[in-house]
Amino acid sequence: MILKIINHSFGYDMKNLCTMFFPQEKITDGRDDVAEENIVISTKQEDNVLSVDAKVFDRQLSKKHIVEENEDTATAMSVLLYTVLQELTGFTPPWGILYGVRPAKLMHRMCGEMGEEGARDYFINTFLAQEKKTDLALEVMEKENKIISLSQEDSFSLYVSIPFCPTRCAYCSFVSHSIERTKRLVEPYTDLLCKELERIGKIAKELNLRLETVYFGGGTPTTLSAPQLTKLFNTIENCFDLSHLREYTVEAGRPDTVTEDKLLALKNAGVTRISINPQTFNDSVLEAIGRKHTSRQTIDAFELARKCGFDNINMDLIAGLPLDTLDSFKNSLDTAVGLDAESVTVHTLAMKSASYIVTKENAFDFSDRLITSDMVDYSNETLHKNGYYPYYMYRQSKSLGNLENVGWCKDGMDCLYNVFMMDETHSVFAAGAGAVTRLKNQNTSHIERIYNYKYPYEYIDNFDEILNRKNGISDFYNEY
């Protein structure tokens, strides 16, 4: 796919809009391509005249727009391109021209600038977002704001990365490795992770910071053994002041890693919230995505967690998985609701980059996106009806149908870490392979990041450098 940017600086916006309509196309500027491309889009500005010319196989369309006084030119160009691609393909992305990760955060900013009614009108009539998506952003914003208000100037959260899983799921884009292939790394990784947590804890105490939430993610943290988990929990208890802790979450995401001894280790450590993630309750879909457990195992793991005393359990589902149908997705959602999970997070499948070329036959086939949209609509309606509300939301590039991921919960069961993280409310100190420490200056909202090495073997081999980088936390706080 060729995208030409002529006489304007909105190339980033144009590229993201093209990705909405053709999420798996490689976008080039055409200078290095000799062969004729089937999708060619030209965007141009001449003084106050904007133009878009597009060819998608045998369909072509050109449109112009004259920028009026006080009109935002970047938004006008985005709307023009969106309109052309919408007419050419017949597909209407539900969030209009918006491609950002945090629509609720954008809504919050715009409400501050023009009031709630003005912001809602701008979302619908300028950004071209659907009314139901706009109202969702408003509802999430309201819930997020209540949680954000809990954070104080000296607050921070702690993230612990466990980058191991029983198997790697076909859709996964996280730093995660099959335990069968990396088993020899788990013990040394755990030992070094404890040392990194010790360093972070020492820095946090020296800076007199207030720990609000702890979150173990991955990967699948419960891939570790009960003694390994306990070792990490004890390190956190010994190295951090937990007196202000509001929430302690561990993802026990894969039911085939959930055992009674691990659940009791979590309970004894004071873990208050866990995730047991089916993704689907359709066994054929589970097999297609590379999961080696059954739906029955998910239910058994959930019931075992209840027996061990957990009263705040999240379940993740994914809309748009291969082989899944609308009916089987409805069954999955109904099953999670029937289990009385305290929260249900509905993700939209993100399409990974691949050597995929749009053909004439599928260039205008949006059936998978429409079915996924129906799945998301069903989840919104059903969860609302059953006493859940949307408390956080984010969006991913290349998600099917340009849809969203939403966390739903019962009253008072919001995951605070998710909101703090998505809103960038305060600093998050992160430990482990692939972890990114995010430092926020509360006075200016300036953010800096400290990156750990991505893979477990890199983490182990370069551990001294990881500890050295943690000095950047003190440097940041001492500077402001």
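The residue numbering used here restarts from 1 in each chain and proceeds along that chain's sequence as written. Local features in this predicted model are restricted to residues whose pLDDT is 70 or higher, and side-chain atom pairs enter the listing and the counts only when it is 80 or higher, whereas totals over whole chains, interfaces and linings include all residues. Based on all heavy atoms of the structure, the side-chain values leave hydrogens and waters out of the count.

Trainee: Explanation requested: the overall build of the chain in the structure shown.
Mentor: Scanning the chain from N- to C-terminus turns up 15 helices and 17 strands. Over its C-alpha atoms the chain spans a radius of gyration of 24 Å, differing by no more than 12% from the 23 Å that the globule rule assigns to 480 residues. Counting only C-alpha atoms and orienting by the principal axes, one finds that the chain spans roughly 65 × 55 × 50 Å. Exposure classes here rest on a 1.4 Å probe applied to the protein chains alone. A residue is buried below 20% of its type maximum, exposed above 50%, and partly exposed in between. Of all 480 residues assigned to the chain, the portion counted as buried reaches 56%. When contacts within the chain are restricted to residue pairs at least 6 apart in sequence, long-range pairs at least 24 apart make up 73% of them. Within the structure as shown, the chain displays about 20,800 Å² of accessible surface, and the carbon and sulfur contribution to it stands at 47%. A positive count includes Lys and Arg, and a negative count includes Asp and Glu. His and the chain ends are not counted in either. Lysine's charge is taken at NZ, arginine's at CZ, aspartate's at CG and glutamate's at CD. Charged side chains in the chain number 51 positive and 70 negative. The centres of these two groups are separated by 4 Å. Secondary structure follows DSSP: runs of H or I at least 4 residues long count as helices, runs of E at least 2 residues long count as strands, and numbering of each begins at the N terminus. Throughout, radius of gyration means the C-alpha value; the globule benchmark is 2.2 Å times the number of residues raised to the power 0.38. Any two residues having at least one pair of non-hydrogen atoms within 4.5 Å are treated as being in contact. Residue exposure ignores everything except the shown protein chains as possible cover, and the areas themselves are Shrake-Rupley values with a 1.4 Å probe.

Trainee: Looking at this structure, how should I read the side chain of E212?
Mentor: Counting through the fold element by element, E212 comes out in strand β8 (residues 210-218). Whenever a nitrogen or oxygen atom comes within 3.5 Å of another N or O atom, the pair is scored as a polar contact, on the condition that within protein one atom can donate a hydrogen and the other can accept it, and that pairs from neighbouring residues in sequence are kept only if both atoms are in side chains. Here the side chain of E212 touches R246 through a polar contact of 2.6 Å, side chain to side chain. With residues near it in sequence (within four places) discarded, E212 still touches L150, Q152, S155, F156, S157, H244, L245, R246, E247, F420 and H426.

Trainee: What should I look at first to understand unusual backbone geometry in this one?
Mentor: A negative phi angle is the norm for most residues apart from glycine, just as the trans form is the norm for most peptide bonds. A cis amide bond, omega 15 degrees, links G218 with the succeeding residue G219. Structurally, G219 can be placed in the loop between β8 and α6 (226-239). Despite not being glycine, L323 has its phi angle at roughly 75 degrees, a positive value. Following the sequence through the fold, L323 ends up in the loop between β11 (313-319) and α10 (326-338).

Trainee: Explain the nonpolar core here, please?
Mentor: Note on soluble globular proteins: their nonpolar side chains tend to be buried together. Counting residues in hydrophobic clusters, the biggest one holds 121 residues, and the most contacted among them are I41, F123, L158, F216 and F429. Only buried residues count toward a nonpolar core. Its members are Ala, Val, Leu, Ile, Met, Phe, Trp, Tyr and Cys residues joined through side-chain atoms within 4.5 Å. In this structure, Y392, Y394, A430 and A435 belong to the second largest nonpolar core, which totals 17 residues.

Trainee: Hey, could you run me through the packing of aromatic side chains in this one?
Mentor: Two measures describe an aromatic ring pair: the distance that separates the ring centres and the angle between the ring planes. Only centres within 6.5 Å qualify two rings of Phe, Tyr or Trp (six-membered ring in Trp) as a pair; their planes then separate them into stacked at under 30 degrees, edge-to-face at over 60, and tilted for everything else. Counted by the stated rule, this structure contains 23 aromatic pairs. Pairing F233 with Y248 gives two aromatic rings, centres 6.1 Å apart and planes at 85 degrees, and the pair type is edge-to-face. Linking F233 in helix α6 with Y248 in strand β9 (residues 247-251), this pair joins segments that are 15 residues apart in sequence. You can call F233 buried: its relative accessible area is 4%. Take Y248: its relative accessible area is 2%, and that puts it in the buried class. Ring plane angle 0 degrees and centroid distance 6.0 Å describe the contact between Y455 and Y457, whose orientation is recorded as stacked. Residue Y457 is classed as partly exposed on the basis of its relative accessible area of 46%. Aromatic ring contacts, followed pair by pair, group F156, F429, F476, Y477 and Y480 into a single cluster. Residue placement shows K143 over the ring face of Y389; its charged tip is 4.3 Å from the ring centre. Just above the ring of F91 sits the side chain of R369; from NZ or CZ to the centre is 5.0 Å. For a Lys NZ or an Arg CZ to count as sitting over a ring, it must be within 6 Å of the ring centre and within 35 degrees of the ring normal.

Trainee: Just checking my understanding: could you explain the pairing of β11 for this structure?
Mentor: Within a regular beta strand, the side chains point alternately toward one face of the sheet and then the other, so they alternate between its two faces. Counting buried residues along β11, seven of its seven residues qualify, which places the element largely inside the surrounding structure. Side-chain alternation along β11 places I313, M315, L317 and A319 on one buried face and N314, D316 and I318 on a second face that is also buried. Where β11 lies against strand β12 (residues 343-348), six bridges are found, and the strand directions are parallel. Its bridge partner being in β12, A319 is matched across the sheet by T348. Regarding topology, α10 serves as the crossover connection from β11 to the parallel β12, and that connection is right-handed. In this analysis, strands are considered paired if DSSP registers two or more bridges between them. By convention a crossover is right-handed if, when the strands point away from the viewer, the path from the first strand over the helix to the second runs clockwise.

Trainee: Would you mind showing me how to read the packing of helix α1 (residues 11-21) against helix α2 (residues 73-89) here?
Mentor: For any two helices packed against each other, one specifies the inter-axial angle together with the distance between the axes. With axes taken as lines fitted to C-alpha atoms, and helix axes fitted only over the stretch in contact, angles between N-to-C directions fall between 0 and 180 degrees. For the pair α1 and α2, interaxial distance at closest approach is 10 Å and the crossing angle is 20 degrees. The angle between the axes of α1 and α2 places the two elements in the roughly parallel class. Crossing hand, α1 versus α2: right-handed. On the side of α1, the interface is formed by D13, M14, L17, C18 and F21, while α2 contributes A74, M77, S78, L81, Y82, L85, Q86 and T89. Here the nonpolar group is Ala, Val, Leu, Ile, Met, Phe, Trp, Tyr, Cys and Pro; Asp, Glu, Lys and Arg are the charged ones; every other residue, Gly included, is treated as polar. Within the contact of α1 with α2, the residues separate by chemical class into nine nonpolar, three polar and one charged. What sets the label is the angle itself: under 35 degrees gives roughly parallel, over 145 gives roughly antiparallel, 65 to 115 gives roughly perpendicular, and the rest give oblique. Helix crossings are classified by the rotation of the near helix relative to the far one: an anticlockwise turn of less than a right angle makes the crossing left-handed, while a clockwise turn makes it right-handed.

Nothing here speaks to function; it is geometry throughout.
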